[in-house]
Amino acid sequence: MGIWLLGAVVSPTSSASSVLVLLFLGLFGCRHSPMLPHKHTLVVVAATLALMLAATYADLAAERAALLALRSAVGGRTLFWNATRDSPCTWAGVQCERDHVVELHLPGVALSGQIPVGIFGNLTQLRTLSLRFNALRGSLPSDLAKCVNLRNLYIQRNLLSGAIPSFLFELPDLVRLNMGFNNFSGPFPTGFNSLTRLKTLFVENNQLSGPIPDLSKLSLDQFNVSYNLLNGSVPLKLRTFPQDSFIGNSLCGRPLSLCPGDIADPISVDNNSKPNSHTSHKLSAGAIAGIVVGSVVFLLLLVFLLIFLCRSKTAKKTSAVDIATVKHPEADAPVLAEKGVPDVENGGHANGNSAAAVAAVSAGNKAEVNGGGAAKKLVFFGNAARAFDLEDLLRASAEVLGKGTFGTAYKAVLEAGPVVAVKRLKDVTISEKEFKEKIEAVGAMDHESLVPLRAFYFSRDEKLLVYDYLPMGSLSALLHG
Ligand SMILES: Nc1ncnc2c1ncn2[C@@H]1O[C@H](COP(=O)(O)OP(=O)(O)OP(=O)(O)O)[C@@H](O)[C@H]1O
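Residues numbered from 1 in each chain as written. Predicted model: local features only at pLDDT ≥ 70, side-chain atom pairs only at ≥ 80, totals over all residues. Heavy atoms only, no water.

The name given to the protein chain in an unreviewed UniProt entry is Protein kinase domain-containing protein, with Vigna mungo as the source organism. Taken verbatim from the UniProt record of the protein chain, the Subcellular location (unreviewed entry) comment is "Membrane". (UniProt positions renumbered as here; feature names shortened; annotations may be inferred.)

Have a look at this one:
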């Protein structure tokens, strides 16, 4: 039973080692087979062994003959092969496995001419074929299609020509394909998409023309189509390769310059782009939109800031008016609300009405605040009649007389008739007690050359001195004009 199984699995291409293993198994099986006598078994096994060995050597002989045919066709240093040897496996560049040629490396060995059909059809176990850097001409032989185990095909830098043969796309295990620096012409075939294991595709420096097809089914690690006659746009999937992979054609699109009609996008301008490409300096739509939005936001912020500043300034003014109005609504509203608050302390030329009133109102307000609700009064000296009080000062129309070292003097015309000069002291930081003592000493002075001091007012923030008003003006003005 075992011997028939053995015969069924033996193929003409089995190696000698496989034959020996199977022979052992056959013998072992026959010994336990009740169906065949022992003598006959040995005969059958011997015959089978002979057939298998003959088949194996026939394969290797065919491969050897193919290599010799190659030598005859393209010559070069293959002429150094020792043709007297039965096995080609020791020849330079030939590698065998299990009595089959699996690799043929003949780089730069001066091969020349065209490879005829009928050679590679007998080297079907080839996995690597390297014929690079030779002078091979014409087209590739069609029976290369029978090398279905081919993984690496290096035929770059020869003089091969014609269209890229379609039988290459029937080599499903092809991983590395280098056809660069030849004279291949015609279109770039879409058939490459059939080579789903392909990682390297080099066809640079040929004469391929037309567009690059969409090689979307491939996952290439290496790709170069530079210096051909290709045109059109670079397919999206290939745009990750550097510019050097595409130069020397009439191609456009990333990583080269933009195609006509394309809209610039940020990733289309990378560091490898040509510096002389005027399109690389264009701003993308996104960048323009960003700039516009940023500008609008900046302007809005600026407007809000200005509005905020204006409002806070207005609020301060309103606050001053409000305080005055609350404190003395009936007296101050007409004057202050209409005329505002001049900055006499900073050298402003105030309208007299409001200036005096401001001094007085401010004093009155702060007096109430400081006094915890009990408004302070003007303090009169000696037996001076209390002809008016703070309220009367508030109502008085006034004007600025001038600024001295210690503050500003106002002329206040009281409603009841009297006219007084009110001096609003500034930067006085002494205590109330000390202030009173000093001012009372001044007020007690009585001399014809001194302007009588009639009253004073003290609070933490306001100090007022009330004098008789002298209508003649200043002595300096009288003397010097
Ligand atoms: N009682 C007053 N009657 C009329 N005008 C006055 C009176 N007091 C002051 N003035 C006017 O107001 C101006 C300012 O007076 P103020 O006393 O504040 O300063 P000054 O005396 O001129 O200078 P300083 O304070 O440095 O001595 C004076 O130049 C004067 O013209």
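So that's the structure; there's more coming.
Moving on to the overall build of the protein chain. If you tally the helices and strands in the protein chain, you get nine helices and 20 strands. A burial count over the protein chain gives 39% of its 481 residues as buried. Accessible surface for the protein chain amounts to roughly 26300 Å². Of this, 60% is attributable to carbon and sulfur atoms. (Helix = DSSP H or I, 4+ residues; strand = E, 2+ residues; numbered from the N terminus. Buried < 20%, exposed > 50% of the residue type's maximum accessible area, 1.4 Å probe, protein only. Areas by Shrake-Rupley, 256 points an atom, 1.4 Å probe, with all protein chains shown as cover.)

Right, let's talk about the site of the ligand for a bit. Neighbouring the ligand are 14 residues; Gly404, Thr405, Lys423, Asp468 and Leu470 lie closest to it. Residue Thr405 places a side-chain N or O atom 2.4 Å away from an oxygen atom belonging to the ligand. One of the side-chain nitrogen or oxygen atoms of Lys423 is found 2.7 Å away from an oxygen atom of the ligand. Burial of the ligand by the protein chains amounts to 65% of its free accessible area of 600 Å². Mapped onto the shell around the ligand, the elements with two or more residues apiece are strand S16 (397–404), strand S17 (407–413), strand S18 (419–425) and strand S20 (463–468). Considering each element in turn, the shell around the ligand owes the most residues, three residues, to S16. Along the lines of polarity and charge, the residues of the shell around the ligand split into seven nonpolar, five polar and two charged. (Near = heavy atom within 4 Å. Polar contact = N/O pair within 3.5 Å; in protein donor to acceptor, adjacent residues only side chain to side chain. Nonpolar A, V, L, I, M, F, W, Y, C, P; charged D, E, K, R; others polar.)

Moving on: the sheet that holds strand S12 (residues 222–224). Strand order across the open sheet formed by seven strands is S1-S2-S4-S6-S8-S10-S12, with mixed pairing between neighbours. Each edge of the sheet is formed by a strand with only one pairing partner; in this case those strands are strand S1 (94–97) and S12. Going across the sheet, the axis of each strand differs from the next one's by a mean of 15°, ignoring polarity. Relative to strand S6 (residues 152–154), strand S4 (residues 128–130) is paired through three bridges, and the arrangement is parallel. Paired with Ser130 across the strands is Tyr154, a residue of S6. (Pairing = 2+ DSSP bridges. Axes fitted to C-alpha atoms, helices over the stretch in contact; angles between N-to-C directions.)

Before going further, it helps to examine the nonpolar core. In summary, soluble globular proteins display a tendency toward joint burial of nonpolar side chains. Judged by nonpolar contacts, the single largest core of 58 residues is most densely connected at Leu144, Leu168, Phe188, Phe192, Leu201, Phe223 and Phe246. Listing elements by their share of this core, those giving two or more residues are helix H3 (38–74) and strand S2 (100–105). With five residues, H3 is the single largest residue contributor to this core. If you look at the next biggest cluster of nonpolar residues, it comprises 15 residues, including Ala396, Ala398, Leu414 and Val422. (Core = buried A, V, L, I, M, F, W, Y, C linked by side-chain atoms within 4.5 Å.)

Within this structure, the stated rule accounts for two disulfides. Between Cys252 and Cys259 runs a disulfide, and the two sulfur atoms are separated by 2.0 Å. Where Cys252 bonds to Cys259 through sulfur, the torsion about that S-S bond is close to 95°, and the disulfide is right-handed. Side by side, Cys252 and Cys259 carry an identical accessibility label, which is buried. Disulfides within the protein chain link the bonded cysteines, taken in sequence order, as 1-2, 3-4. (Disulfide = S-S within 2.5 Å.)

The next thing to look at is the pattern of salt bridges. Scanning all chains against the criterion turns up five salt bridges. Taking the shortest distance from any N to any O, the salt bridge between Glu462 and Arg424 comes out at 2.5 Å. Of the two residues, Glu462 is situated in the loop between strand S19 (453–458) and S20 and Arg424 in strand S18; the sequence distance between them amounts to 38 residues. By relative accessible area, which is 2% here, Glu462 ends up buried. The exposure class of Arg424 is buried, given its relative accessible area of 12%. Its salt-bridge partner being Asp461, residue Arg460 comes within 3.5 Å of it at the nearest N-O pair. (Salt bridge = Lys/Arg side-chain N within 4 Å of Asp/Glu carboxyl O.)

Along a regular strand, successive side chains alternate from one face of the sheet to the other. As paired elements, strand S5 (residues 135–138) and strand S7 (residues 159–163) share two bridges and run parallel to each other. Following the sheet pairing, Arg137 is matched in S7 by Leu159. Inspection of the sheet shows S7 paired to strand S9 (residues 183–187) by three bridges, in the parallel sense. Across the sheet, Ala163 pairs through a bridge with Ser185, a residue of S9.

We now examine a nonpolar patch on the surface. Taken together, the side chains of Ile288, Val292, Val296, Leu300, Val303, Phe304 and Ile307 present a nonpolar region at the surface, about 620 Å² in accessible area. Mapping Ile307 onto the fold places it in helix H4 (residues 285–327). (Patch = residues over 30% accessible without salt bridge, like charges linked within 9 Å, V, L, I, M, F, W, Y side chains within 5 Å.)

In a regular helix each residue adds 1.5 Å, so twelve residues correspond to 16 Å; helix H8 (residues 432–443) covers 16 Å between its end C-alpha atoms and thus fits that length. Those residues of H8 not exposed but buried are Phe435, Ile439 and Gly443. Angular distribution of buried residues about the axis of H8 spans 65°; they occupy a single face of the element. Turning to H8, the residues buried within the fold contact S18, S19 and S20. (Expected span 1.5 Å × (residues − 1). Arc of directions from axis to C-beta. Contact = heavy atoms within 4.5 Å.)

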